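# Descriptive analysis of the structure
One-letter residues, chain by chain:
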Amino acid sequence: MYLKRFGFPSYGDERGYLINCSTGRGAPLPFGVFPQRSLSHIDMSNVTVFCGSSDSEKDLALEVIAAKLGAKEIDEALNASLVRGYLSMCFTRYAEYIEKRSDVEKIYLSREGALEHLNKNKYRFDGRETLLHFYESQIKSKTICLLQEPETYMSFEETVALACLIEDFAKYSKTQFVISTNSPAILGIRDALIYDFDESTVMGKTWYNSSKAERHISFYRELIESHKR
């Protein structure tokens, strides 16, 4: 594991920064989001998963982390100077052996980027290239890999195969993952630390004490019982 903790600025830090900027305008995202959720920091595991509904902040949290790590460019269409100021207030804490190194590669793969790649290469290999092939080609050993909803546009079988791939890379190839997802297969990756952004208090949980996993299990149990009748 390389990144141990990621910290967000507090409400006071945000307010003080905006006052000093004298912006006079509404602050762009991600200002004002995470303090309302009492989310000061995220502790990381080899596989850290953010889940939640489409209007939750799970993707925003992933994008903030990716931008702070330099894996994602800031959208210049936004108020880029304010966003850079926000990122300057975020903090990262790495494992001691990696603290003073800058050669750990960070990879950010958005769902739009993955789909764009697939559309550009749909006729390669007689049209047999899939999103699973894309992720297999992009995920590397000894990196911090940030994935935005990789299950989007994938079949269930492909998503299960991707979850196995992620688990193997995390276990054997020293790759650390931060993933936004709602896929039960990815949520079920062994030893993943799960943050559910649909909950009032966002905190890291294991699969066994995650309410999201409990709802998945209840759904399939009820489905099985309904088909037995």
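Model, not experiment: these values are computed from the prediction.

If you look at the biggest cluster of nonpolar residues, it comprises 37 residues, and the most contacted ones within it are F8, F34, F50, V64 and L146. It is helix α2 (residues 58–68) that contributes the most residues to this core, 7 residues altogether. F50 has contacts with I42, K58, A61, L62, I65, V178, I179, S180, T181, Y195 and F197, leaving out every residue within four places of it along the chain. The next biggest cluster of nonpolar side chains, apart from the first, holds 27 residues, and it includes A114, C145, A163 and I186.

Our next topic: the packing of aromatic side chains. Here the distance between the centres and the angle between the planes together describe a pair of aromatic rings. On inspection of all chains with the given rule, the structure shows 8 aromatic pairs. Taking the centre distance of 5.3 Å and the plane angle of 70° together, the rings of F6 and F8 count as edge-to-face. On the accessibility criterion, F6 (0% relative accessible area) is buried. An aromatic cluster is defined as three or more aromatic residues linked by ring pairs; in this entry it consists of F6, F8 and F34.

In this section: the side chain of S180. With respect to the helices, strands and loops of the structure, S180 is situated in strand β7 (residues 176–180). When sequence neighbours within four positions are dropped, the list of residues in contact with S180 reads F50, K58, D59, L62, L147, Q148, E149, P150 and E151.

Here S38, not a glycine, exhibits a phi torsion of approximately 55°, which is positive. Along the chain, the position of S38 falls in the loop between α1 (11–21) and β2 (41–43). Judged by its relative accessible area of 64%, S38 is exposed. The phi torsion at E149 lies on the positive side, around 40°, for a residue other than glycine. The residue E149 is located in the loop between β6 (143–148) and α6 (156–172) in this model. Exposure remark for E149: the relative accessible area of 13% places this residue in the buried category.

Rules used in this analysis
- Residues numbered from 1 in each chain as written.
- Predicted model: local features only at pLDDT ≥ 70, side-chain atom pairs only at ≥ 80, totals over all residues.
- Heavy atoms only, no water.
- Core = buried A, V, L, I, M, F, W, Y, C linked by side-chain atoms within 4.5 Å.
- Buried < 20%, exposed > 50% of the residue type's maximum accessible area, 1.4 Å probe, protein only.
- Helix = DSSP H or I, 4+ residues; strand = E, 2+ residues; numbered from the N terminus.
- Contact = heavy atoms within 4.5 Å.
- Phe/Tyr/Trp six-rings, centres within 6.5 Å; stacked < 30°, edge-to-face > 60°.

Taken by themselves, the reported measurements are silent on function.
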